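# Geometric and topological summary
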Amino acid sequence: MTSIAVIGGGSWATAIIKILSENNVSIRWWLRDRAAVDHIRKHHYNPDYLRDVRLSPRKVKTFSKITDALNGAEYVILAIPAAFVQEPFQGLTAKHFAGKRVVSAIKGMIPEKNCLVTDWVEERFEVPLSQISVIAGPCHAEEVALEKQSYLTIASTDEACASHFAQLMNCRFVTANPLVDLYGVEYAAVMKNIVALACGISHGLGYGDNFQAVLVSNAMQEIRRFVNAVDPRERDLSASAYLGDLLVTAYSQFSRNRTFGNMIGRGYSVQSAQMEMKMIAEGYYAVNSIFEMNKKYGVEMPITQATYRILYERQPPATEIGLLKMKLR
Ligand SMILES: NC(=O)c1ccc[n+]([C@@H]2O[C@H](COP(=O)([O-])OP(=O)(O)OC[C@H]3O[C@@H](n4cnc5c(N)ncnc54)[C@H](OP(=O)(O)O)[C@@H]3O)[C@@H](O)[C@H]2O)c1
Ligand SMILES: O=P(O)(O)OC[C@H](O)CO
């Protein structure tokens, strides 16, 4: 049995645990909410997210102390929005991660540092990059809960690391494939959330499918320009880890980022949209990080810039999307 620590108690953590539980694994699940830890021990489902997912008490043990969850685990999966991922690890050191492989399921950037989660893990806990991977690909937790066929990509700099974890994620309803492009996949996953915000804003303003198709096509070009500037290498951006994830997030009814953007387009303030949405839209934090990062790279990024001005400079969505409209082809 492979021992896997899962850090985070939200919808994606719950979905990942459902997938892994299809295989021969032992899961050590840390949740910050003590009541949820106790509830899962007693009733075998997460009271706050994906309540229909049944959790095997034989395979899944819950913990409220993070060091207990990490104890003896071969893998550590991070599944907390990037803005909050540092909090539970305060006081922990490299020794807590010695010999472990780390998998980030997070599609976001650490706001205070404007850095990728995998870079933070490497630097903060001295985990070798070859032992770090990400879970990517077009996949919503809600569809995993329904066992709808899904595809994941496990990306790493190291083929063996990606392949080994991909095997653990393969199951009846999930096909997981390894890919050697850690940074390209991670940045594309961060950026598709920004695009989904822009799609939601446009939809909220009354723009239709014709406009969105052009917006998404232009967004793919924007992602290509940025990713190639930050990490130039051969990659096929039409693969599902890149284009597929952009499409599902831009179009799905389940997308948190699109939903958040839609509220902004309809006139909600950032604060009221955040309060209304129970779940986290990573794109809100990512747009600031990518905007700041791009001061160094100077890539042409009209969609990111318009979204930044709407969310961080309080510019009227109608004005910004109106200006963006003239730049799209
Ligand atoms: N949901 C998906 O379909 C999906 C798919 C692929 C990737 N992802 C990525 O997975 C990551 C997690 O997203 P999610 O969808 O699981 O989010 P979510 O459903 O909104 O859950 C957020 C989780 O983070 C916890 N949290 C919030 N603030 C925290 C803090 N200050 N300290 C510790 N924990 C905190 C919440 O704990 P409480 O419940 O106690 O508030 C909750 O367990 C994101 O990067 C997202 O992009 C999500
Ligand atoms: O619901 P979103 O917008 O956070 O997107 C979730 C996943 O990243 C889709 O692959």
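These figures come from a predicted structure and were not determined experimentally. (Residues numbered from 1 in each chain as written. Chains lettered and ligands numbered in written order. Predicted model: local features only at pLDDT ≥ 70, side-chain atom pairs only at ≥ 80, totals over all residues. Heavy atoms only, no water.)

### What to know about the site of ligand 1
- The immediate surroundings of ligand 1 are formed by 22 residues, with Ser11, Arg32, Ala141, Arg256 and Glu282 found nearest.
- Measuring from an oxygen atom of ligand 1, one finds a backbone N or O atom of Gly10 at 2.8 Å.
- Here an oxygen atom of ligand 1 and a backbone polar atom of Ala141 are 2.7 Å apart.
- Residues of the shell around ligand 1, tallied by class, amount to 12 nonpolar, 4 polar and 6 charged. (Near = heavy atom within 4 Å. Polar contact = N/O pair within 3.5 Å; in protein donor to acceptor, adjacent residues only side chain to side chain. Nonpolar A, V, L, I, M, F, W, Y, C, P; charged D, E, K, R; others polar.)

### Examining the side chain of Asn218
- Structurally, Asn218 can be placed in helix H8 (residues 209–230).
- Asn218 has contacts with Ile303, Lys327, Leu328 and Arg329, leaving out every residue within four places of it along the chain. (Helix = DSSP H or I, 4+ residues; strand = E, 2+ residues; numbered from the N terminus. Contact = heavy atoms within 4.5 Å.)

### Considerations on the packing of aromatic side chains
- Under the definition given, this model contains 15 aromatic pairs.
- Ring plane angle 65° and centroid distance 6.1 Å describe the contact between Phe89 and Trp120, whose orientation is recorded as edge-to-face. Here the residue Phe89 occupies a position in the loop between strand E4 (75–78) and strand E5 (101–104), and Trp120 occupies one in helix H4 (residues 117–125), the gap between them amounting to 31 residues.
- Given the relative accessible area of 4%, Trp120 is considered buried.
- With centroids separated by 5.2 Å and ring planes inclined at 75°, the aromatic side chains of Tyr284 and Tyr285 adopt a geometry described as edge-to-face. When sorted by exposure, Tyr284 lands in the same class as Tyr285, which is buried. (Phe/Tyr/Trp six-rings, centres within 6.5 Å; stacked < 30°, edge-to-face > 60°. Buried < 20%, exposed > 50% of the residue type's maximum accessible area, 1.4 Å probe, protein only.)

### Considering the UniProt feature "binding site: NADPH" (unreviewed entry) in the protein
- As recorded in UniProt, the sites labelled "binding site: NADPH" (unreviewed entry) are Ser11, Trp12, Arg32, Tyr49, Lys107, Ala141, Arg256, Ile280 and Glu282.
- Within the fold, Tyr49 resides in the loop between helix H2 (34–43) and strand E3 (60–63).
- Here Tyr49 falls in the partly exposed class, since its relative accessible area comes to 28%.
- Apart from the residues within four sequence positions on either side, Tyr49 is in contact with Gly9, Gly10, Ser11, Thr14 and Met279.
- On the secondary structure map, Ala141 appears in helix H5 (residues 141–145).
- With residues up to four places along the chain from it excluded, the contact list for Ala141 reads Ser11, Trp12, Ala15 and Leu50. (UniProt positions renumbered as here; feature names shortened; annotations may be inferred.)

### Quick notes on the pattern of salt bridges
- Inspection of every chain in the model, using the stated rule, returns 11 salt bridges.
- Here Glu147 and Lys18 are joined by a salt bridge, their closest N and O atoms 2.8 Å apart. One end of the pair, Glu147, is in the loop between H5 and strand E9 (150–156); the other, Lys18, is in helix H1 (residues 11–20), with 129 residues separating them in the sequence.
- Its salt-bridge partner being Glu147, residue Arg172 comes within 3.1 Å of it at the nearest N-O pair. With Arg172 in the loop between helix H6 (159–169) and strand E10 (174–179) and Glu147 in the loop between H5 and E9, this pair connects stretches of sequence that are 25 residues apart.
- By relative accessible area, which is 32% here, Glu147 ends up partly exposed.
- A single network of salt bridges, built from pairs that share partners, joins Lys18, Glu22, Glu147 and Arg172. (Salt bridge = Lys/Arg side-chain N within 4 Å of Asp/Glu carboxyl O.)

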